[in-house]
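Observations on the three-dimensional arrangement
Chain residues, written in single-letter form:
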Amino acid sequence: MNSSVNYERQGEVALITLNNPPVNALGQAQREGLLRALHQAQIDTQAKVLVLLCSGRTFIAGADIKEFGKPPQAPSLPEVVNAYEQSDKPCVAVIHGTALGGGLEMALGCHYRIARRDAKVGLPEVKLGLLPGAGGTQRLPRLAGVAKALEMIVSGQPINALQAREHQIVDELFDGDPRAAGIAFAQRVLDSGLGVRRTGEQAAALKGVDNGALIAAKRADVAKRLPGFFSPPRCVAAVEAATLLPLVEGLQRERALFQECLASEQRAALVHGFFAERQCAHIDDLPKDTPVRVIERVGVIGGGTMGVGIALSFVSAGIAVMLMEVDEPALQRALQRARETCEASVARGSLSPAVMEQRLALLHGGVDYSELATADLVIEAVFESLEVKRQVFERLDQVCKPGAILASNTSSLDLDVIAGFTSRAEDVVGLHFFSPANVMRLLEVVRGRHTGLEVLATVMQLSKRLNKIAVVVGVCDGFVGNRMIFQYGREAEFLLEEGATPEQVDGALRNFGLAMGPNAMRDLSGLDIGWSIRQRQRATLPSNYPLPDVLDTLYAAGMLGQKTGQGFYCYAPGSRRPEPNPELLPLLEAVSREKGIERRALSDDYIVERCVFALINEGAKILQEGIARRSSDIDVIYLNGYGFAAWRGGPMFYADSLGLDNVLARIREFHQRFGAWWEPAPLLEQLAAEGRRFADWKLES
Ligand code: T1G
């Protein structure tokens, strides 16, 4: 018996236990082991009933995702699932933790299922660009009906054990030890002479319902909500097969659709994103056993939008916060803003009033820094000025206890300079939250030159408690996300001077997979913000780095975006819906004329290249400078902070998928035509010459 699957018998109950930490994923060895154990149970004449369970923290969390894209190895998971279903001895699956994907499919192949009350079950394959490929699309509808099966398979969202029982996906809930519960249930199956109950032979849930209408409605919903996604329509087609075909043919149809998804670029991108997100937690020079500090009391300085969002992030994680403002009126406004933010969530139904009160009870306010003397961590979210940050950090250095972590939420200022305002640079770190901070999961952890390993380990662990995706970045203007988005926004603006309209630029980039176009984004954040940054840049950039003039032109015309109802687009009072701005084109034409640019027609593909390749080129420079440690970290930032479509995998993954030689060739053309901004990044040239990918490159520590 291979090491990860154990067979034993207790009386007439055969116990098949899978042990493949950390999540009992089903790789080739596990699939082979399960088949062997099943065979052993068949030939064991004293074994009358089987129990399939897992050791460790969870039941099977799915097929081994690391195997995707590699040559398939027998036995396949469908083969294993079908073998368990065909067993002539009843088989009971005992679920604890999360039974996901192939894990739930294994359980569906068994004849009975019990789940621990705190367990969850789901078919999240769609999130990886796949669909359940081991019978889930055929067996789940036969137990739970088409409507529930479609909901679970197309959303990929798990359900809890109670819901699973309500939908006949599990037979019974238990508390405590899975092994004991499994043996007890199996014995009852035996004593009651229940025998096998093959899921594939169930049909009740498919009857008496207009499944065709359900399928058609979901198909239309997917087409409307998820345009461009490859696997969701195929999920619907696979479930439809369960309503039209006998099990064997339905399984064949499912397999064919699964293989289509497996071969898709979207699957490669989504699986890349899955591992990239987990890779961020691994920091090469941070030993796993680095001590971490206890964080129970947090101070947040500044009750503006960011400060309140950050404070809510912490209280949502059950961590007490002392929110500091300059005076009582400002503090009351901040606390009111926090309450209103929670009330909006309650109104949306995403938060219960009781939980809202629990969270707000953890939020205290103060105006005297001495109240921070016991804080374990203080985060400042004050005005983005070095002088203001200096005053704050000098004061914190005086009042905070030794070992307190002092963090800045700065989005662009030099963290090392800020650390220099204190006597404890090793305790200073950047925590760059993204607005709205209580919603956005991305967190750029800015590691200063002197940031201590303990501090780094502590904030990385803390980010998990906050349910944030923390990416460690180095110190530079804009760190990773904002530094790259500046290049992208500049090109988008230049394109308006060269002949494009905001609608065309935004439309091209949305079709490419960005959640929001750069012009709509600018209107949302306010053109006055962009204008003041632009003036700073004009004062510092050399003359061979020209800047566009569209932003200045709109600012001069008082068009500041949503806040004035007119910017790149027009907005009806109280509406955020962008409408064409009839006064814009004459302004663009005037800018083109003044700059001697002959406006020309631009294709969507060209627009995407100019904007996305600008991201990629800057990302290559960021990699080479060590501001990001790996290209997948940059992808995680763009997938979770800038609306880059998950099925694109992120800018650096996208570049690798195009081939760096092809990307470099286009950037060289842009360099020829547009000058210094398009100087190819040396790392891009090096990797292209070597025929390598960004994913192959690692910063030599
Ligand atoms: N395969 C391989 N490795 C996996 C894995 C999997 N299915 N799931 C997790 N890992 C690794 C992960 O990379 C990390 O590694 C470690 O386990 C801990 O994960 C035919 C085709 C189960 C809810 O999509 O949702 O079945 O970074 O940090 O926060 O139809 O992992 O430590 O080296 O996420 O406690 C369907 C994916 C597969 C579930 C646990 N299943 N996993 O969360 O730990 S496709 C999934 C998760 C499939 C069949 C199809 C979560 C979790 P490292 P973690 P966690």
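Residues numbered from 1 in each chain as written. Predicted model: local features only at pLDDT ≥ 70, side-chain atom pairs only at ≥ 80, totals over all residues. Heavy atoms only, no water.

1. A word on the site of the ligand
Selection rule: The near set for a molecule or strand comprises every residue that places at least one heavy atom within 4 Å of it. Polar contact is defined as a pair of N or O atoms within 3.5 Å, subject to the rule that within protein one atom must be able to donate a hydrogen and the other to accept it, and that residues adjacent in sequence are counted only when both atoms are side-chain atoms. For the accessible areas, the method is Shrake-Rupley and the probe is 1.4 Å, while residue cover comes only from the protein chains on display. The helix count covers DSSP runs of H or I at least four residues long, the strand count covers runs of E at least two residues long, and both are numbered beginning at the N terminus. Residue polarity follows a fixed list, in which Ala, Val, Leu, Ile, Met, Phe, Trp, Tyr, Cys and Pro are nonpolar, Asp, Glu, Lys and Arg are charged, and the others, Gly among them, are polar.
The ligand sits among 26 residues. The nearest are Arg-57, Ala-63, Glu-105, Glu-125 and Arg-278. Within the contact set of the ligand, an oxygen atom lies 2.8 Å away from a backbone nitrogen or oxygen of Ala-63. Interatomic distance of 2.8 Å between a backbone N/O atom of Gly-102 and an oxygen atom of the ligand. Across the complex, the protein chains shield 75% of the 1000 Å² of accessible surface that the ligand would expose by itself. Those elements that provide at least two residues to the shell around the ligand are helix H3 (102-109) and helix H11 (265-279). Looking at the shell around the ligand, the element that brings in the most residues is H11, giving 3 residues. Here the residues of the shell around the ligand are counted per class, giving 15 nonpolar, 5 polar and 6 charged.

2. Quick notes on helix H9 (residues 231-244)
The line we're drawing: For a helix, the expected span equals 1.5 Å multiplied by the residue count minus one. Contact criterion: two residues are considered in contact whenever any of their non-hydrogen atoms come within 4.5 Å of each other.
In a regular helix each residue adds 1.5 Å, so 14 residues correspond to 20 Å; H9 covers 20 Å between its end C-alpha atoms and thus fits that length. Where H9 is buried, its residues touch helix H4 (136-144), helix H5 (146-155), helix H8 (211-225) and helix H10 (247-262).

3. Focus: the pairing of strand S10 (residues 297-301)
Defined as follows: Partly exposed residues are those whose accessible area sits between 20% and 50% of the maximum for their type, while under 20% is buried and over 50% is exposed, using a 1.4 Å probe and protein chains only. DSSP bridges decide pairing: two strands pair if at least two such bridges lie between them. If the strands point away from the viewer and the path from the first strand over the helix to the second runs clockwise, then the crossover is right-handed.
Of all 5 residues making up S10, 4 are buried, and the element is well covered by its neighbours. The pairing of S10 with strand S11 (residues 320-324) spans 5 bridges and is classified as parallel. Considered in S11, the bridge of Gly-299 is made with Met-322. Between the parallel elements S10 and S11, the chain passes through helix H12 (residues 305-316) in a crossover that is right-handed. Pairing between S10 and strand S13 (residues 377-380): 4 bridges, direction parallel. Counted as the bridge partner of Gly-299 is Val-378 from S13.

4. As for the UniProt feature "domain: 3-hydroxyacyl-CoA dehydrogenase C-terminal" (unreviewed entry) in the protein chain
We count it as follows: UniProt positions are given in the numbering used here, feature names are shortened, and annotations may be inferred rather than shown by experiment.
The UniProt entry lists residues 478-571 and 606-692 under the feature "domain: 3-hydroxyacyl-CoA dehydrogenase C-terminal" (unreviewed entry), expressed in the numbering used here. Split by type, residues 478-571 is 62% helix and 2% strand. Its first and last C-alpha atoms lie 30 Å apart.

5. Describing the sheet that holds strand S4 (residues 91-95)
Inclusion rule: To obtain each axis, a line is fitted to C-alpha atoms, and for helices this fit is confined to the stretch in contact; angles are then taken between N-to-C directions over 0 to 180 degrees.
With mixed pairing, the 6 strands of this open sheet are ordered in space as S1-S2-S3-S4-S6-S9. Edge positions in the sheet fall to strand S1 (5-10) and strand S9 (172-174), since each has one partner strand and no second. For this sheet the average axis-to-axis angle between neighbouring strands, irrespective of direction, equals 25°. Pairing analysis gives 3 bridges linking strand S6 (residues 112-116) to S9, with the strands arranged parallel. Looking at S9, one finds that Ala-115 is bridged to Leu-173.

6. What to know about the domain arrangement of the protein chain
Let me state the cut-off plainly: For every domain, the bounds stem from an assignment made automatically or drawn from a database. Buried area adds together the accessible area that both of two parts lose upon being put together, with accessible area traced by a 1.4 Å probe. Criterion for a salt bridge: a side-chain nitrogen of Lys or Arg within 4 Å of a carboxyl oxygen of Asp or Glu.
Each domain of the protein chain was delimited in the assignment, giving domain 1 (5-263), domain 2 (297-473) and domain 3 (481-696). In total, domain 2 and domain 3 occlude about 850 Å² of area from one another, counting both sides; carbon and sulfur atoms represent 62% of this. If you look at where domain 2 meets domain 3, you find 0 salt bridges. Run the count over domain 2 and domain 3 and you get 1 residue pair in polar contact (both at pLDDT 80 or more). Mapped onto the side of domain 2 that touches domain 3, the elements with two or more residues apiece are strand S16 (442-446) and strand S17 (469-473). If one sorts the elements of the side of domain 2 that touches domain 3 by residue count, S17 sits on top with 4 residues. Across the side of domain 2 that touches domain 3, the residue classes break down as 7 nonpolar, 3 polar and 1 charged.

7. Structural notes on the nonpolar core
What counts, and what does not: Here the nonpolar core consists of buried residues drawn from Ala, Val, Leu, Ile, Met, Phe, Trp, Tyr and Cys, with membership extended through side-chain atoms lying within 4.5 Å.
Residues Ile-301, Leu-372, Leu-396, Val-480, Leu-684 and Phe-694 are the most contacted members of the largest nonpolar core, which totals 97 residues. In terms of residues, this core owes the most to one element, helix H24 (residues 604-625), which gives 12 residues. In this structure, this core is formed jointly by two domains, domain 2 (297-473) and domain 3 (481-696), each of which donates at least three residues. Those residues in contact with Val-480, other than ones at most four positions away along the chain, are Glu-444, Val-473, Ile-622, Ile-627, Ala-628, Ile-634 and Ile-637. Judged by nonpolar contacts, the second largest core, of 67 residues, contains Ala-99, Leu-128, Leu-140 and Leu-257.

8. Regarding the sheet that holds strand S14 (residues 405-408)
Spatial strand order, S12-S11-S10-S13-S14-S15-S16-S17: 8 strands in an open sheet with mixed pairing. Edge positions in the open sheet fall to strand S12 (363-366) and S17, since each of these has one partner strand only. Strand-to-strand, the axes of this sheet are offset by a mean angle of 25°, without reference to chain direction. Pairing of strand S15 (residues 428-433) with S16, which is carried by 4 bridges, proceeds in the antiparallel orientation. Looking at S16, one finds that Leu-431 is bridged to Val-445. In the packing of helix H25 (residues 631-641) onto the sheet, the strands contacted are S16 and S17, and the crossing angle to S17 comes to about 135°.

9. Focus: the pattern of salt bridges
Scanning the model with the defined rule gives 50 salt bridges in all. The partner of Glu-498 in a salt bridge is Arg-610, with the nearest N and O atoms 2.7 Å apart. With Glu-498 in helix H18 (residues 481-498) and Arg-610 in helix H24, the pair connects residues that are 112 residues apart, well separated along the chain. For Glu-498, a relative accessible area of 6% translates into the label buried.

10. What about the UniProt feature "domain: 3-hydroxyacyl-CoA dehydrogenase NAD binding" (unreviewed entry) in the protein chain?
UniProt's entry tags residues 298-474 with the feature "domain: 3-hydroxyacyl-CoA dehydrogenase NAD binding" (unreviewed entry), counted in the numbering of this structure. Along residues 298-474 one finds 42% helix and 21% strand; the C-alpha atoms at either end are 24 Å apart.

11. Regarding the side chain of Gln-138
Mapped onto the secondary structure, Gln-138 falls in helix H4. A polar atom in the side chain of Gln-138 sits 2.9 Å from the backbone oxygen of Ala-238. Those residues in contact with Gln-138 that lie beyond four places of it in its chain are Ala-238, Ala-241, Ala-242, Leu-247, Gly-250, Leu-251 and Glu-254.

12. Structural notes on the packing of aromatic side chains
Put simply, the rule is: Any Phe, Tyr or Trp ring, taking Trp's six-membered ring, that has another such ring centre within 6.5 Å forms a pair; planes under 30 degrees apart are called stacked, those over 60 apart edge-to-face, and the others tilted.
For the coordinates displayed, the defined rule picks out 14 aromatic pairs. Consider the rings of Phe-512 and Tyr-654, whose centres lie 4.9 Å apart with planes at 75°: the pair is edge-to-face. Separated by 142 residues along the polypeptide, Phe-512 in helix H19 (residues 502-512) and Tyr-654 in helix H26 (residues 651-658) bring together distant segments of the chain. Here Phe-512 falls in the buried class, since its relative accessible area comes to 5%. Overall, the relative accessible area of 14% leaves Tyr-654 in the buried class. Seen from their ring centres, Tyr-606 and Phe-670 are 6.0 Å apart, and the 85° between their planes marks the pair as edge-to-face. Here Phe-670 lies in helix H27 (residues 660-674) and Tyr-606 lies in helix H24, a separation of 64 residues in the sequence.

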